[in-house]
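# Observations on chain architecture
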Amino acid sequence: MKDFSPGVGDIKGVVTDCTTPLPPGKKYITISLLTNEEIYVIAEVKSELKPLYDSACFWLGLKASSLDIFGLAQLSDGEYHFVDLQKRVSKFAPKGWKSQSSGLNSKRKPTLVFFLRVRFYLDHHLLLTDRASRYLYYLQLKYNVVRCCHLQNEQQCFLLASYALQADLGNFSEEKHTGEYFQPSVYLPSWLIGKHGKDYIVKYIPALHKSHRGISRAEAQVQYIIEASREGTSHNLNLFKLKERKSDVIFSILVGIHSRGVDIYKVKGGSTTLLHFFPWAQIGKLHFERKKFEIRGESWPDSRQLTYYAAREGDACYLFTFCKQTHEFNMHIQPRLQNIMKREGVGKGQCRTVEMR
């Protein structure tokens, strides 16, 4: 349940259906939201993406100060690749889109779809300065916990599920919350459900939910964000698949990009192991060439580096660029974080500050 109200009035370009035919040069576009809703935006074929993004953010009630952590992405082999908002809409459209009447397919739905997601993760929840951004950030982390399997920490997953139930449903009620009052797959990853079984989870989780009585939904969201962002067991990162060897069919490497640097995970037999963590200040080399992606620690000899391979040439380039953008973003927000810490009276021990060159 939302604890903020999205805009539903006259927000430029945002409509609730695609039934009205559009004049030549205008198309319907779908923007999928973290709330599991979809909105439709009317755009000029030659227009940039930024106005569409702004319209979606205003509809969600996001304040201008929060817009820089979110972005519009497209799905590419199960991964979200963020788009340049200064580019024209048509650059990201499928073939034949310009000739489609109103940009709709045979089912009268827009063929061009973007996803509003968290682009840059934060090192502290105090940077989420409004209710809407905190709620959407919470939903993104909840999605990551359920869908991304780079970490398999049972205790953390159960605790997070209990905070999420408190955030979504409020205090546990003996009258309302009986039997299967929640859907396990919405709160827990499939590997954990498969290991313990649905019946065990439905029986066990309510006791944890009950233990949070008295915590407001907003406070539960904050606790979820804090717990899901703990160093060493964090879900506040973007993950990308790579191959160890160019000839490999299986993607056995995960690259995690986050506020503190770059993680390298090895995937084998259903389990994931952290191989390397590169803080931003200790990355000596970051390079791509065609499908090849390379990273080297600052203190490593020139002869030693990690080399992995993307499925396509564009993916290696995107990964390189996204690393650079994430690093720059976190350098940019350091003064803002320090100001918030000072204003809120947060000590150094309560907030991780990322040292970056």
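The next thing to look at is the overall build of the chain. On a plain count of helices and strands, the chain comes out with 8 helices and 13 strands. The C-alpha radius of gyration computed for the chain amounts to 22 Å, which stays within 12% of the reference 21 Å derived for 357 residues, consistent with globular compactness. Viewed in the frame of its principal axes, the chain has a C-alpha envelope of about 65 × 55 × 45 Å. Scored against the burial criterion, the 357 residues of the chain give a buried share of 51%. Excluding contacts between residues fewer than 6 apart, the proportion of contacts in the chain whose partners are at least 24 apart in sequence is 62%. In the chain, 50 side chains carry a positive charge and 35 a negative one; their mean positions are 4 Å apart.

Leu49, Leu72, Leu116, Tyr137, Tyr224 and Val262 are the most contacted members of the largest nonpolar core, which has 97 residues in total. It is helix 8 (residues 313–344) that contributes the most residues to this core, 10 residues altogether. Listed in part, the 5 residues of the second largest apolar core include Cys18, Leu22, Tyr28 and Leu104.

Any two side chains of opposite charge can pair, so long as their charged atoms come close to each other. For the structure shown, the criterion picks out 16 salt bridges. For the salt bridge of Lys142 with Asp168, the shortest nitrogen-to-oxygen distance reads 2.6 Å. Residue Lys142 is found in helix 2 (residues 131–147), and its partner Asp168 is found in helix 3 (residues 154–169); the two are separated by 26 residues along the sequence. For the pair formed by Lys142 and Asp168, the shared burial category is buried. With its nearest N and O atoms 3.7 Å apart, the salt bridge here joins Glu294 to Lys292. By relative accessible area, which is 7% here, Glu294 ends up buried. The network of salt bridges with common partners includes Asp77, Arg312 and Asp315.

Attention now goes to the sheet that holds strand 13 (residues 306–309). The 3 strands are arranged 11-12-13 in an open sheet whose pairing can be described as antiparallel. Both outer strands of the open sheet, strand 11 (283–289) and strand 13, are each paired with one neighbouring strand and no more. The mean inter-strand angle of the sheet, taken between neighbouring strand axes irrespective of direction, is 15 degrees. Summarising the sheet, strand 11 and strand 12 (residues 292–297) pair through 6 bridges and their orientation is antiparallel. Each residue of the ladder has a partner; that of Phe288, found in strand 12, is Phe293. Lying over the sheet, helix 8 contacts strand 11 and strand 12, oriented at roughly 150 degrees with respect to strand 11.

Glycine aside, a negative phi is what most residues show, and trans is what most peptide bonds show. Unlike most non-glycine residues, Ser102 shows phi in positive territory, near 60 degrees. Along the polypeptide, Ser102 turns up in the loop between strand 5 (79–82) and strand 6 (113–118). Look at Ser102 and you get buried, because its relative accessible area is 4%. Look at Arg290: it is not a glycine, yet its phi comes out positive at around 55 degrees.

Moving on to helix 7 (residues 217–228). Here helix 7 spans 16 Å end to end across 12 residues, near enough to the 16 Å set by a 1.5 Å rise per residue. Considered for burial, the residues of helix 7 that qualify are Ala220, Gln221, Val222, Tyr224, Ile225, Glu227 and Ala228. Check the buried side of helix 7 and you find it contacts helix 2 and helix 3.

Within the secondary structure, Asp130 sits in the loop between strand 6 and helix 2. Despite its burial, Asp130 pairs with no opposite charge, the nearest such side chain being Lys63 at 5.9 Å. Here Ala132 takes part through its backbone nitrogen, which lies 3.2 Å from a polar atom of the side chain of Asp130. Excluding residues that lie within four positions of it along the chain, Asp130 makes contacts with Gly61, Leu62, Lys63 and Ser66.

Strand order in the open sheet formed by 6 strands is 1-3-2-6-4-5, and the pairing between neighbours is mixed. Where the open sheet ends on each side, the last strands, each with one partner, are strand 1 (14–15) and strand 5. Two strands pair when backbone bridges link them, and strand 2 (residues 26–32) and strand 6 are joined in this way by 3 bridges, in the parallel orientation. Along strand 6, the bridge assignment pairs Thr30 with Val113. Packed on one face of the sheet, helix 8 meets strand 4 (70–76) and strand 5 and runs near 65 degrees to strand 5.

Attention shifts here to the confidence of the model for the chain. The share of residues in the chain with pLDDT of 70 or more is 94%, and the mean pLDDT across the chain is 90. When pLDDT is averaged over each helix and strand of the chain, the minimum, 90, is found for strand 1 and the maximum, 98, for strand 13. When the criterion is pLDDT under 50, residues 348–357 qualifies, and its contacts beyond four places in sequence or with other chains add up to 32 contacts.

About the cut-offs
- Going along each chain's sequence as written, the residues are numbered from 1 onward.
- Given that this is a predicted model, residues contribute local features only at a pLDDT of at least 70 and side-chain atom pairs are listed and counted only at 80 or more, while totals for whole chains, interfaces and linings are drawn from all residues.
- Only heavy atoms go into the side-chain values, all of them from the structure, while hydrogens and water stay out.
- Runs of H or I in DSSP of at least four residues are treated as helices and runs of E of at least two as strands, each being numbered from the N terminus.
- This radius of gyration counts C-alpha atoms alone. The globule rule is 2.2 Å times how many residues there are, raised to the power 0.38.
- Exposure categories follow from relative accessible area, calculated using a 1.4 Å probe and restricted to protein chains: below 20% of the type maximum is buried, above 50% is exposed, and the middle band is partly exposed.
- By definition in these notes, contact holds between two residues if any of their heavy atoms fall within 4.5 Å.
- For this count, His and the chain ends are skipped, Lys and Arg are scored as positive, and Asp and Glu as negative.
- A charge is said to be at NZ when it belongs to Lys, at CZ for Arg, at CG for Asp and at CD for Glu.
- For our purposes a nonpolar core is just a set of buried Ala, Val, Leu, Ile, Met, Phe, Trp, Tyr and Cys residues, chained together by side-chain atoms within 4.5 Å.
- Criterion for a salt bridge: a side-chain nitrogen of Lys or Arg within 4 Å of a carboxyl oxygen of Asp or Glu.
- We call two strands paired when DSSP finds no fewer than two bridges between them.
- In this analysis, axes come from line fits to C-alpha atoms, helices being fitted only over the stretch in contact, and the angle between any two N-to-C directions falls in the range 0 to 180 degrees.
- Helices are assigned an expected span. That span is 1.5 Å times one less than the residue count.
- We call two N or O atoms a polar contact when they sit within 3.5 Å, provided that within protein one can donate a hydrogen and the other can accept it, with sequence-adjacent residues counted only if both atoms are side-chain atoms.
- Each residue gets a pLDDT score, which is the predictor's confidence in that residue and runs from 0 to 100.

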